[in-house]
Number of protein chains: 2
Amino acid sequence: MPAEKRKKYHHGDLRNALIEAGMGIIETEGLAELSLRKIAAKVGVSHTAPKNHFGSMRGLMTAIGAEGFRRFATEMRAGLTGTSGRVKKLEAAVEGYIRFARKHPALFQIMFSPEYCDFKDEEVSEAARASYRVLEEISEGLDWDKADLDHAQLRTEIMLWSFAHGYATLLNNGQINFRDDGTPAFDVLDVIPKFGYREM
Amino acid sequence: MPAEKRKKYHHGDLRNALIEAGMGIIETEGLAELSLRKIAAKVGVSHTAPKNHFGSMRGLMTAIGAEGFRRFATEMRAGLTGTSGRVKKLEAAVEGYIRFARKHPALFQIMFSPEYCDFKDEEVSEAARASYRVLEEISEGLDWDKADLDHAQLRTEIMLWSFAHGYATLLNNGQINFRDDGTPAFDVLDVIPKFGYREM
DNA sequence: CTCTAATCTTTCCATTGGAAATATTTTTGC
DNA sequence: GCAAAAATATTTCCAATGGAAAGATTAGAG
């Protein structure tokens with residue numbers, strides 16, 4: 001039997017293969033269709049093999065979430081390059097946030113659901129922090145209140161983050177009304193420049 | 001055997017009993033502990049009995065979500081009575097939104113997750129609309145732009161809603177940092193009055 | 001080359017939501 | 001009243017899921 005066709009007992013790169021398989025399933029079939037056994041079958045291993053690499057299903061989904069956060073940061077930064085001006089950058093980042101959530105709803109849900117994604121995991125917390133750093137950078141120096149600089153930036157960050165996250169979530173859950181053409185009956189860019197911040 | 005002790009074949013008010021039992025479980029044990037069989041056992045019926053009243057587990061959770069939305073509207077309105085002034089009312093409503101989410105995280109999650117709660121259900125959509133009406137009322141006439149009155153109110157509503165929803169969700173998911181004393185390192189009231197709206 | 005650790009499989013199990021057939025009670029129609 | 005029909009509930013069965021346990025296979029260290 002030719003060596004390249006004979007199935008090896010050891011996969012070689014099972015960890016990454018499982019993550020990729022899981023990503024593929026949630027992108028094409030949605031989160032509801034994701035299961036440990038389905039992922040394992042897609043890679044061609046038994047459904048207990050993942051345990052060696054992730055411990056449990058939540059461990060695997062945590063790894064998927066970590067990869068999600070890395071792509072998330074990339075997506076937000078992608079909109080920033082080529083954009084000049086603080087407010088424009090801010091708008092671009094928020095748009096990137098929402099665009100990612102809408103393009104990858106299942107992944108986005110995993111990333112932000114503690115029942116799926118364990119934030120105590122180092123890989124996740126590091127990747128999530130890297131995403132948050134984008135928000136920090138664009139929020140720097142943007143606030144309303146000169147008097148309280150300590151909390152000024154935090155306020156801006158949390159406000160922008162909460163707004164973007166809430167809007168994305170409500171869109172993904174179908175709770176914001178849509179026009180007949182399928183677009184949301186609301187343009188994010190209409191509201192972002194109105195938040196009342198100013199350059200300091 | 002005395003009639004009041006003999007278990008009747010027909011429960012009499014099984015539908016409401018199941019909803020209440022489900023509510024009890026998610027409040028005391030959390031969403032992860034909720035199961036059809038557990039609810040049925042708590043009421044003292046077989047696990048297939050709920051099917052007659054709700055069709056499926058999702059149907060039962062949809063009914064729980066509907067009841068959640070009714071309590072949600074009550075909670076938001078409770079903060080409004082006794083508060084005067086448009087902006088104060090607005091703050092009170094947003095606070096009510098977040099307070100409810102934090103007090104009943106599992107219920108809140110069910111209410112806003114389409115995999116649990118079916119928004120095409122009439123009972124839900126009516127109750128959800130009643131909640132949204134609170135937001136509409138306080139948003140009336142509050143916007144930044146006189147020129148586009150058509151979209152002005154919608155903008156205010158969606159902005160407030162997105163912010164409140166995102167902030168509540170991020171808090172519940174443990175993604176916003178907390179101080180040592182357990183309170184969030186951020187006060188919602190710090191940001192609400194800064195949104196840049198004005199009375200028109 | 002051998003022994004150990006890592007990796008993977010097979011088998012088994014408890015839990016879950018649901019389908020189907022059956023039993024019991026209530027309601028309806030006459 | 002009373003039989004038929006509808007509603008309600010039970011029992012039994014099933015497929016799917018994640019995980020535990022024990023054993024097989026391979027890779028790597030010494």
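**A short note on the protein's contact with DNA strand D**
Close to DNA strand D lie 22 residues, the nearest being A:Arg37, A:His47, A:Lys51, B:Ser46 and B:His53. Here, DNA strand D places atoms within 4 Å of the protein, and 55% of those atoms are sugar or phosphate. The separation between a base nitrogen of DNA strand D and a polar side-chain atom of A:Arg37 is 2.4 Å. Looking at the surface near DNA strand D, the elements with two or more residues in it are α2 (36-43) of chain A together with α3 (51-54) of chain B. Considering only residue class, the surface near DNA strand D consists of seven nonpolar, twelve polar and three charged.

**A closer look at the interface of chain A and chain B**
It is common to give the size of an interface as the accessible area that goes away when the parts come together. At the interface, 29 residues of chain A touch 29 residues of chain B. Note on chain A versus chain B: buried area summed over both sides is about 2,800 Å², and carbon and sulfur give 69% of it. Taken together, chain A and chain B are joined by zero salt bridges. At the surface where chain A touches chain B, the tally comes to four residue pairs in polar contact (both at pLDDT 80 or more).

**What to know about the pattern of salt bridges**
All names here are of chain A. Scanning the entire structure with this criterion turns up 22 salt bridges over all chains. For the salt bridge of glutamate 123 with arginine 15, the shortest nitrogen-to-oxygen distance reads 3.3 Å. Highlighted residues: glutamate 123 in helix α7 (residues 122-139) and arginine 15 in helix α1 (residues 14-28), separated in sequence by 108 residues. For arginine 15, a relative accessible area of 29% gives the class partly exposed.

**Side note on the packing of aromatic side chains**
All names here are of chain B. Enumeration over the complete set of coordinates arrives at 23 aromatic pairs over all chains. Taking the centre distance of 4.9 Å and the plane angle of 50° together, the rings of phenylalanine 72 and phenylalanine 100 count as tilted. Residue phenylalanine 72 is located in helix α4 (residues 57-80), and its partner phenylalanine 100 is located in helix α5 (residues 86-103); the two are separated by 28 residues in the primary sequence. Here phenylalanine 72 falls in the buried class, since its relative accessible area comes to 2%. With a relative accessible area of 1%, phenylalanine 100 lands in the buried category. Judged by centre distance (6.3 Å) and plane angle (85°), the rings of phenylalanine 72 and phenylalanine 112 are edge-to-face. Of the two residues, phenylalanine 72 is situated in helix α4 and phenylalanine 112 in the loop between α6 (105-111) and α7 (122-139); the sequence distance between them amounts to 40 residues.

**A short note on the relation of the copies chain A and chain B**
When chain A is fitted to chain B, the best match, at an RMSD of 0.0 Å, comes from turning it 180° and sliding it 0.0 Å along the axis. Look at the turn and shift together and you get a two-fold axis relating the two. Both copies present the same face, since 100% of the interface residues in chain A are matched by interface residues at the equivalent positions in chain B.

**Points about the nonpolar core**
Proteins that are soluble and globular tend to have nonpolar side chains buried together. Counting residues in each nonpolar core, the largest one holds 126 residues, and the members touching the most others are A:Phe112 and B:Phe112. Look past the residues within four positions of B:Phe112 in its chain and what remains in contact with it is A:Leu170, A:Asn173, A:Gln175, B:Phe69, B:Phe72, B:Tyr97, B:Trp161 and B:His165.

**Description of helix α1 (residues 14-28) of chain B**
Since the α-helix packs 3.6 residues into each turn, any two residues three or four apart lie on the same face. Residue and element names in this part refer to chain B. The terminal C-alpha atoms of α1 lie 21 Å apart, and with 15 residues this matches the ideal 21 Å at 1.5 Å per residue to within 8%. Within the sequence span of α1, burial applies to Leu14, Ala17, Leu18, Ile19, Ala21, Gly22, Met23, Ile25 and Ile26. Against the buried residues of α1 lie α2 (36-43), α3, α4 and α6. Once α1 finishes, glycine 30 follows within two positions and takes phi at roughly 95°, a positive value.

Reading the values: rules and limits
- Residues numbered from 1 in each chain as written.
- Chains lettered and ligands numbered in written order.
- Predicted model: local features only at pLDDT ≥ 70, side-chain atom pairs only at ≥ 80, totals over all residues.
- Heavy atoms only, no water.
- Near = heavy atom within 4 Å.
- Polar contact = N/O pair within 3.5 Å; in protein donor to acceptor, adjacent residues only side chain to side chain.
- Helix = DSSP H or I, 4+ residues; strand = E, 2+ residues; numbered from the N terminus.
- Nonpolar A, V, L, I, M, F, W, Y, C, P; charged D, E, K, R; others polar.
- Contact = heavy atoms within 4.5 Å.
- Buried area = accessible area lost by both parts, 1.4 Å probe.
- Salt bridge = Lys/Arg side-chain N within 4 Å of Asp/Glu carboxyl O.
- Buried < 20%, exposed > 50% of the residue type's maximum accessible area, 1.4 Å probe, protein only.
- Phe/Tyr/Trp six-rings, centres within 6.5 Å; stacked < 30°, edge-to-face > 60°.
- Least-squares fit on C-alpha atoms with pLDDT ≥ 70 in both.
- Core = buried A, V, L, I, M, F, W, Y, C linked by side-chain atoms within 4.5 Å.
- Expected span 1.5 Å × (residues − 1).

Function cannot be inferred from these measures alone, as they are strictly geometric.
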